[in-house]
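# Commentary on secondary and tertiary structure
So the chains spell out like this:
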Amino acid sequence: MSRTLDPELRRALAARIRYHNEMGIYDFYRREASGEVATLAAEARGADAVTAEIQPESREEMSPRKGAAVAVPVAVEENFFELIAPKPEQGVSDPVKALKIIREDLGDCTRCPLHKQGRKQIVFGVGDPATDLMFVGEGPGADEDDQGEPFVGRAGQLLNNMIKAMGITREQVYIANIVKCRPPGNRTPEREECDTCSPFLMRQIAVIKPKVIVALGATAAKTLLAMNSSMAQLRGRFYDFKPAGVRIDDRSSDPRWDGCQLAVTYHPAFLLRDPRQKGEAWKDLQMVMRELGLKAPEKSV
Ligand code: SF4
């Protein structure tokens with residue numbers, strides 16, 4: 001018998017798994033939860049509690065975490081181990097084909113509650129599958145839900161301008177979101193929805209192998225980095241990033257790729273609400289341009 005993991009515990013375990021992945025350990029074995037899994041869960045919770053003390057949460061853009069009491073699972077849910085199992089696209093060197101496999105695997109997804117809350121279609125992602133630069137936002141809005149493409153509304157227009165200001169075009173980057181279905185009323189996706197959907201994004205990232213990912217807004221940043229810091233704390237630096245739960249030791253397709261740099265900036269929708277922050281966003285993008293060797297154009301955003 002299994003039951004669904006508490007989202008908090010799931011994230012803590014995912015962080016621990018990522019830590020092991022970074023150490024080169026990919027193979028894990030399932031046991032009854034009363035043994036090592038429970039111990040691992042307890043350790044992971046302990047590590048997360050320490051982090052929480054050091055970095056006070058900023059919860060303005062994501063659903064709040066539950067309190068300190070976290071249930072120890074009776075058994076680990078099946079789909080948690082899907083995160084670390086070999087993926088069908090692994091070994092496929094053509095990124096277009098590999099992304100198609102992920103899209104087919106996603107199917108007419110009903111994995112989280114967003115599938116029954118008015119979505120018209122799944123918004124998978126768009127752009128150059130061999131790009132050096134990815135942008136990751138929060139989730140589709142009404143325009144994106146209509147057209148099946150991320151960032152096509154007003155915020156999308158601003159993102160296009162931001163990309164143009166970097167001296168490149170929208171077609172030269174890849175754009176995706178943390179959740180692929182529109183949250184009703186454009187609400188912020190719940191943490192559980194992010195945790196359920198983001199493994200597919202992680203697989204897209206592992207296929208695309210960008211040099212830099214720009215996380216647009218707090219939801220994208222916190223989900224990708226598994227951190228609860230404020231935007232002020234998250235911006236202004238690069239993070240070493242490897243997609244959680246995905247093997248990236250497929251040396252056959254690109255022996256040079258071992259993760260990438262991740263930068264955080266404001267979501268374009270936020271910049272539309274508070275244009276005074278555009279200058280700060282431009283600083284973030286300039287940092288990315290330096291990393292990618294892009295030439296600064298004469299005019300900024
Ligand atoms: S948001 Fe993601 S996980 Fe949820 S139903 Fe849509 S595709 Fe599936």
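Before going into details, it helps to say that this report is about the structure given with it. (Residues numbered from 1 in each chain as written. Predicted model: local features only at pLDDT ≥ 70, side-chain atom pairs only at ≥ 80, totals over all residues. Heavy atoms only, no water.)

### A few points about the overall build of the chain
Within the chain, the secondary structure is distributed over eleven helices and six strands. Here the chain holds 301 residues, and 50% of them are scored as buried. Considering only residue pairs separated by 6 or more positions, the chain has 76% of its internal contacts joining residues 24 or more positions apart. Taken as a whole, the chain presents about 14400 Å² of accessible surface, with 49% of it coming from carbon and sulfur. (Helix = DSSP H or I, 4+ residues; strand = E, 2+ residues; numbered from the N terminus. Buried < 20%, exposed > 50% of the residue type's maximum accessible area, 1.4 Å probe, protein only. Contact = heavy atoms within 4.5 Å. Areas by Shrake-Rupley, 256 points an atom, 1.4 Å probe, with all protein chains shown as cover.)

### Things to note about the nonpolar core
In terms of nonpolar packing, the biggest core is built from 68 residues, with Leu133, Phe135, Met166, Ile213, Leu224, Leu262 and Val264 touching the most fellow members. Among the elements that line this core, the one with the most residues is helix α7 (residues 191–208), at nine residues. For Leu133, the residues in contact, after removing those within four places along its chain, are Met166, Ile168, Val173, Tyr174, Pro210, Val212, Val214, Val288 and Leu292. (Core = buried A, V, L, I, M, F, W, Y, C linked by side-chain atoms within 4.5 Å.)

### A few points about unusual backbone geometry
A positive phi angle, near 55°, is found at Phe151, a position not held by glycine. As for its position among the elements, Phe151 is in the loop between α5 (142–147) and α6 (154–165). Take Phe151: its relative accessible area is 5%, and that puts it in the buried class. A positive phi is found at Ala226, a non-glycine position, where the angle reads about 55°. Taking the relative accessible area as the measure of exposure, Ala226 reaches 28% and is therefore partly exposed.

### A look at the packing of aromatic side chains
Across all of its chains, the model carries one aromatic pair by this definition. Consider the rings of Tyr266 and Phe270, whose centres lie 5.0 Å apart with planes at 35°: the pair is tilted. For Tyr266, a relative accessible area of 12% corresponds to the buried category. Over the face of the ring belonging to Tyr239 we find Arg237, whose NZ or CZ atom lies 3.9 Å from the ring centre. (Phe/Tyr/Trp six-rings, centres within 6.5 Å; stacked < 30°, edge-to-face > 60°. Lys NZ or Arg CZ within 6 Å of the ring centre and 35° of its normal.)

### Quick word on the site of the ligand
In the vicinity of the ligand, the contacting residues are Leu106, Cys109, Arg111, Cys112, Leu114, His115, Arg119, Lys180, Cys181, Thr196 and Cys197. A per-class count over the shell around the ligand returns six nonpolar, two polar and three charged. (Near = heavy atom within 4 Å. Nonpolar A, V, L, I, M, F, W, Y, C, P; charged D, E, K, R; others polar.)

### Observations regarding the environment of Leu271
Mapped onto the elements of the fold, Leu271 is located in helix α10 (residues 268–273). A relative accessible area of 1% means that Leu271 is categorised as buried. In this structure Leu271 touches Leu158, Met162, Tyr266, Gln277, Lys278 and Ala281, once residues within four positions along its chain are discounted.

### A short note on the side chain of Glu193
Locating Glu193 in the fold gives a position in helix α7. Since its relative accessible area comes to 3%, Glu193 is described here as buried. Not counting residues within four places of it along the chain, the set of residues in contact with Glu193 comprises Cys112, Pro113, Leu114, Val179 and Arg187.

### Things to note about the pattern of salt bridges
Should the charged atoms of two oppositely charged side chains come close, the side chains can pair. Counted by the stated rule, this structure contains 13 salt bridges. Here Asp258 and Lys242 are joined by a salt bridge, their closest N and O atoms 3.5 Å apart. Residue Asp258 is found in the loop between β5 (239–241) and β6 (260–265), and its partner Lys242 is found in the loop between β5 and β6; the two are separated by 16 residues along the sequence. On the basis of relative accessibility, which here comes to 42%, the residue Asp258 falls in the partly exposed class. Judged by relative accessible area, which is 22%, Lys242 ranks as partly exposed. Ionic contacts of the salt-bridge type, sharing partners, join the residues Arg235, Glu280, Lys283 and Asp284 into one network. (Salt bridge = Lys/Arg side-chain N within 4 Å of Asp/Glu carboxyl O.)

### As for the packing of α7 against helix α8 (residues 218–225)
Contact geometry of α7 with α8 gives a least axis separation of 11 Å together with a crossing angle of 75°. With respect to their mutual orientation, α7 and α8 come out roughly perpendicular. Touching Cys194, Ser198, Leu201, Met202 and Ile205 of α7 are Thr219, Thr223 and Leu224, all from α8. Taken together, the residues of the contact of α7 with α8 break down into five nonpolar, three polar and no charged. (Axes fitted to C-alpha atoms, helices over the stretch in contact; angles between N-to-C directions. Parallel < 35°, antiparallel > 145°, perpendicular 65-115°, else oblique.)

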